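Structural features, examined
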Amino acid sequence: MAEGREMKIDEAQADLRRAYTDGGPGVIVSGLVWLAAAWVLSRSGVATGFVVLFFGGMLIFPLALLVNRVLLRRQREAAENPFGLLVLECTVAMIAMLFAAYLFLPFDEAKVFPLAAIAVGVHYFVFKTAYGMRTFWLLGAAITLLGVAAIYRALPLPGGVAMWVGLVELGFGAAMTARGLRARPAV
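Just so we're clear, the structure is a prediction, and the values are computed from it rather than from any experiment.

All right, on to the pattern of salt bridges then. Within this structure, the stated rule accounts for four salt bridges. In this structure, the salt-bridge partner of R18 is D15, at a minimum N-O distance of 2.6 Å. Of this pair, R18 and D15 both sit in helix α1 (residues 9-19), separated by three residues, roughly a single helical turn. Between K111 and D108 there is a salt bridge; the shortest N-O distance is 2.7 Å.

Right, here's the structure in full:
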């Protein structure tokens with residue numbers, strides 16, 4: 001890209017897809033965090049499980065970055081790419097929504113993880129714009145619906161909503177990573 005020229009939307013999206021392997025590694029790491037939280041939740045209760053989810057969530061970006069840069073040999077996104085900031089901004093909103101879920105602990109702990117699922121699900125909708133991939137709409141909708149279904153007990157979720165969010169993210173993340181590797185092999 002020429003120095004001083006603003007990126008076009010499709011260029012910025014392609015740049016993020018290249019740098020982050022279609023976002024797949026981040027989704028995989030998030031899925032692993034959700035599964036760890038589900039395991040702790042099943043053994044130590046909602047409050048401890050939520051601590052694992054919240055603080056494990058802080059490791060998602062650094063670990064995904066490590067996977068993309070070291071294991072998958074992806075170069076960072078262009079400094080002038082505005083969509084990296086867009087992803088960060090929606091993540092800040094998600095953290096606020098996770099805090100709101102946490103506030104339910106003393107009142108209705110059964111809603112804490114479903115609300116956290118909704119927070120994570122809706123934050124993925126913005127990734128469609130950042131990456132230019134409708135897959136993020138599907139991922140966001142699936143996780144959001146899991147959260148809503150768990151709140152209203154509309155769908156039996158053996159193992160709980162945290163486990164199912166983790167499994168959904170692992171499936172989507174694996175497919176997204178594979179697509180990203182096929183479309184843009186490492187340089």
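Moving on, there is more to tell.
Let's shift gears to the layout of surface pockets. In this structure, the largest pocket spans a volume of roughly 800 Å³. Lining the largest pocket are 34 residues, and of these I60, F61, V87, T91 and F127 lie nearest its centre. Sorting the residues of the lining of the largest pocket by element identifies α2 (24-44), α3 (46-57), α4 (60-71), α5 (83-102) and α6 (112-131) as the ones contributing at least two each. For the lining of the largest pocket, the element with the highest residue contribution is α5, accounting for nine residues. For the lining of the largest pocket, the class distribution of residues is 24 nonpolar, eight polar and two charged. Taken as a whole, the second largest pocket holds about 170 Å³ of empty space. Sorting the residues of the lining of the second largest pocket by element identifies α6 and α8 (161-183) as the ones contributing at least two each. In terms of residue class, the lining of the second largest pocket is made up of nine nonpolar, one polar and one charged.

This part covers the nonpolar core. In this structure, W34, F113 and F136 are the most contacted members of the largest nonpolar core, which totals 44 residues. Contributions of two or more residues to this core are made by α1, α2, α3, α5, α6, α7 (135-152) and α8. When residues in this core are grouped by element, the largest group, 10 residues, is from α6. Not counting residues within four places of it along the chain, the set of residues in contact with F113 comprises W34, A37, L41, V46, G49, F50, L53, V161 and A162.

This part is about α4. If you check α4, its first and last C-alpha atoms are 15 Å apart, about what 12 residues at 1.5 Å a residue would give, namely 16 Å. Buried within α4 are the following residues: I60, A64 and N68. Buried residues along α4 cover an arc of 55 degrees about the axis, so they all sit on one side. R73, located one to two residues past α4, shows a positive phi value of around 55 degrees.

Calculation rules
- Residues numbered from 1 in each chain as written.
- Predicted model: local features only at pLDDT ≥ 70, side-chain atom pairs only at ≥ 80, totals over all residues.
- Heavy atoms only, no water.
- Salt bridge = Lys/Arg side-chain N within 4 Å of Asp/Glu carboxyl O.
- Helix = DSSP H or I, 4+ residues; strand = E, 2+ residues; numbered from the N terminus.
- 1 Å grid on protein atoms, 1.4 Å probe; cavity = no way out; pocket = protein on both sides within 12 Å on 5 of 7 lines; lining within 4 Å.
- Points joined across faces, edges and corners; volume = space filled by probe spheres on them.
- Nonpolar A, V, L, I, M, F, W, Y, C, P; charged D, E, K, R; others polar.
- Core = buried A, V, L, I, M, F, W, Y, C linked by side-chain atoms within 4.5 Å.
- Buried < 20%, exposed > 50% of the residue type's maximum accessible area, 1.4 Å probe, protein only.
- Contact = heavy atoms within 4.5 Å.
- Expected span 1.5 Å × (residues − 1).
- Arc of directions from axis to C-beta.

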